[in-house]
Structures are given as structure tokens and as C-alpha cells.
Number of protein chains: 2
Amino acid sequence: MKILAHPTREQLELPTVLDCLGDPTRLAIVHGLAQHERVGTELRCGNFSGVGAKSNLAYHFGRLRETGVIRVRIEGTARYISLRREDLEARFPGLLDAILAAAARDVDRLALADCTFTAPANETPQAQSSRA
Amino acid sequence: MKILAHPTREQLELPTVLDCLGDPTRLAIVHGLAQHERVGTELRCGNFSGVGAKSNLAYHFGRLRETGVIRVRIEGTARYISLRREDLEARFPGLLDAILAAAARDVDRLALADCTFTAPANETPQAQSSRA
DNA sequence: TCCTAAGTTCAAAATCTATTGAACAATGAG
DNA sequence: CTCATTGTTCAATAGATTTTGAACTTAGGA
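So, how was this worked out
- Residues numbered from 1 in each chain as written.
- Chains lettered and ligands numbered in written order.
- Predicted model: local features only at pLDDT ≥ 70, side-chain atom pairs only at ≥ 80, totals over all residues.
- Heavy atoms only, no water.
- Contact = heavy atoms within 4.5 Å.
- Buried area = accessible area lost by both parts, 1.4 Å probe.
- Salt bridge = Lys/Arg side-chain N within 4 Å of Asp/Glu carboxyl O.
- Polar contact = N/O pair within 3.5 Å; in protein donor to acceptor, adjacent residues only side chain to side chain.
- Helix = DSSP H or I, 4+ residues; strand = E, 2+ residues; numbered from the N terminus.
- Nonpolar A, V, L, I, M, F, W, Y, C, P; charged D, E, K, R; others polar.
- Expected span 1.5 Å × (residues − 1).
- Buried < 20%, exposed > 50% of the residue type's maximum accessible area, 1.4 Å probe, protein only.

Let's shift gears to the interface of chain B and chain A. In this assembly, 26 residues from chain B lie in contact with 26 residues from chain A. Each partner contributes to the roughly 2,000 Å² buried at the junction of chain B and chain A, and carbon and sulfur atoms together form 58% of this total. Broken down residue by residue, the surface that chain B buries against chain A is led by Leu14, Leu18 and Arg109 of chain B, which jointly contribute 25%. For the pair chain B and chain A, the number of links is 6 salt bridges. Of the charged contacts in the structure, one is a salt bridge between Glu13 of chain A and Arg109 of chain B, with a shortest N-O distance of 3.3 Å. Counting across the interface, chain B meets chain A through 10 residue pairs in polar contact (both at pLDDT 80 or more). Put simply, the parts of the chain that give the side of chain B that touches chain A at least two residues each are helix 1 (14–21), helix 2 (24–37), helix 4 (85–91) and helix 5 (95–105) of chain B. For the side of chain B that touches chain A, the element with the most residues is helix 5 of chain B, which contributes 6 residues. Within the side of chain B that touches chain A, the residues separate by chemical class into 16 nonpolar, 3 polar and 7 charged.

Right, dumping it as C-alpha cells:
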């Protein structure tokens, strides 16, 4: 089992993060992650669709991870994705929230609709509430 | 005398703006503009240096204008530049401030130092103090 | 008028990005 | 073991980005 390389909090760079989120596909992924956070379950790479070939999805997730926007945890053959909210907030206060709020407001304007995900039922062991 | 095309406030797009500011050179320009705002004088394109050839500066200013990040006012042969703070704030609340604050905090880390400007003495008619 | 300063536009080059399909690796199930 | 699932890596490609120098425009003096 491999552990993927992530930049440390201190290594996060502003232009890199902005550039990373400037891509509509990646912004859509991050928006989707943020929207899904309240559900409590974790999303896998494969939950996302509408981004083209599988290899393209891997490419964008790679970029999001290398940039430090998301964290990727390997478990079996699956990779669970989460937003690095605390790290981003510590380095760039208010930035992620402003971006997510703007993305949420513009959701129909962006190509965000192209990137959707099918939410998992109750795949992660730790996080499911009593009612579905 | 020409008037340059600017997107309207409503036409500002989040991915476009993020992508535009994801470039270190343009981020440096915008940071410089914001830093200079308190002085009260307007900056021209030519006040900036360290960005390479003149045509490259024109390229980046063109991009910033088309994206809606800056406004460019022509006066004679000079072009006066200003940040579109209100428009950006209206469309993406908190975004510009978060970016500028982060850029200011990371100022020595970024290549911002490469892009400097020589502030004008008292070129704009409305804003000059008594001291030279 | 002629000159200069400010900035643009164009074409070319070097580089980077996004996308795809095919082949590959790793894990868990039957 | 065998097989399907999950996702990666590779090579190729099409397109976008950044950068440069040279030629050009425009306005304001001397």
C-alpha cells in the first residue's frame, strides 16, 4: 500500500492554488466536494463523472493533490478524497470560502453541471448517520 | 481616441478570474496596484517593470482587462490602470480581499519582487500632494 | 514639421495543459 | 486462482500560454 505525496501546509502556494482552481473541471470537482461535505460520507475518485476519460479524472485529481487543495487517502483500490480546508484556511484565510461561495452562486453558469458525482450510500465505515 | 472593451460586472466569470490571477506575473501586477491604491495616484502600464519586453506587459494588461480584473482608461498616449474592486466584490464577495491579503503575506515568497513599479510623482491632475 | 514617449499588434518560438486510449498494477470477491 | 473493479501511467495529440523582437500607431511637445 502506497502513500501519496502531499505538500505540507507551509508549501501551499497562492498562484499555484489559484491556477489549479482556475480550471473549470477542477473547480467543479472542488465545488462537488464542498457540496457533499455536509452529507458526511467520503467521496472516491470514481464517484465523479462527466469529466471525460478515466485518465483525465486521474490527471485532475493528481493536480489537485499536488497543489494541496485535496487530500487523497488510499484504502484498498479506492481513493478517498477530501478538501484540505484547514490548511487552505491557515495559509490563505477566507480564500476557499470566497471561491466556494462564488462557485455555488454561479453554479448554473459554470460548466459545473458537466461534472457530477454519484454519492455513495454508506461505504465509509466511520461516517453514516442513523437515518438515510 | 479609442475606448477599450471591458466586460460588464455581470460578465465576470469565476474560473476566468482565478485563472487570470493564477499567473505569477499578473498576480504581481494586481498586488502592486493594490499596494499603490493608498497613495492615491493612478498607475500607468509603463510604471511597471521587471516583466520582460514591453509587449509582454501589454499582453498581461490585456488579459487582466479582458478578464475584468482591471479597468484601463486612455488619456493621451498613456493608459491608466485601476483595480475593479467594486465589480469583483459584487460578483465574488471577499475573493479579491482574500487573494490580496494572501499575496501581501507571501510577498517575499512569490516572484512578486520581479515585478516592480516606479510610482509616478504627480502625473494625474486630481491627485497630488504638496510635497514632490 | 520632426521627434519622442507610450503602448499596441503581429508572427514566431518555446513551453505547458488538457484530453484520450491502451496497457498496467493492486485489491477484494467468488 | 481467476476475475472484475479501481485507478494509475504512458505516449500521443491538439490546443493554449507566455515570451520576444520588430514594426506600427497615436498624441504631445520642440
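Continuing now.
On to helix 3 (residues 54–67) of chain B. Residue and element names in this part refer to chain B. Compared with the 20 Å implied by 1.5 Å per residue over 14 residues, the 20 Å span of helix 3 between its first and last C-alpha is a close match. Listed as buried for helix 3 are Leu57, His60, Phe61, Gly62, Leu64, Arg65 and Thr67. Those residues of helix 3 that are buried are in contact with helix 1, helix 2, strand 2 (48–49), strand 3 (70–75) and strand 4 (78–83). Immediately beyond the C-terminal end of helix 3, within one or two residues, lies Gly68, with a positive phi of roughly 95°.

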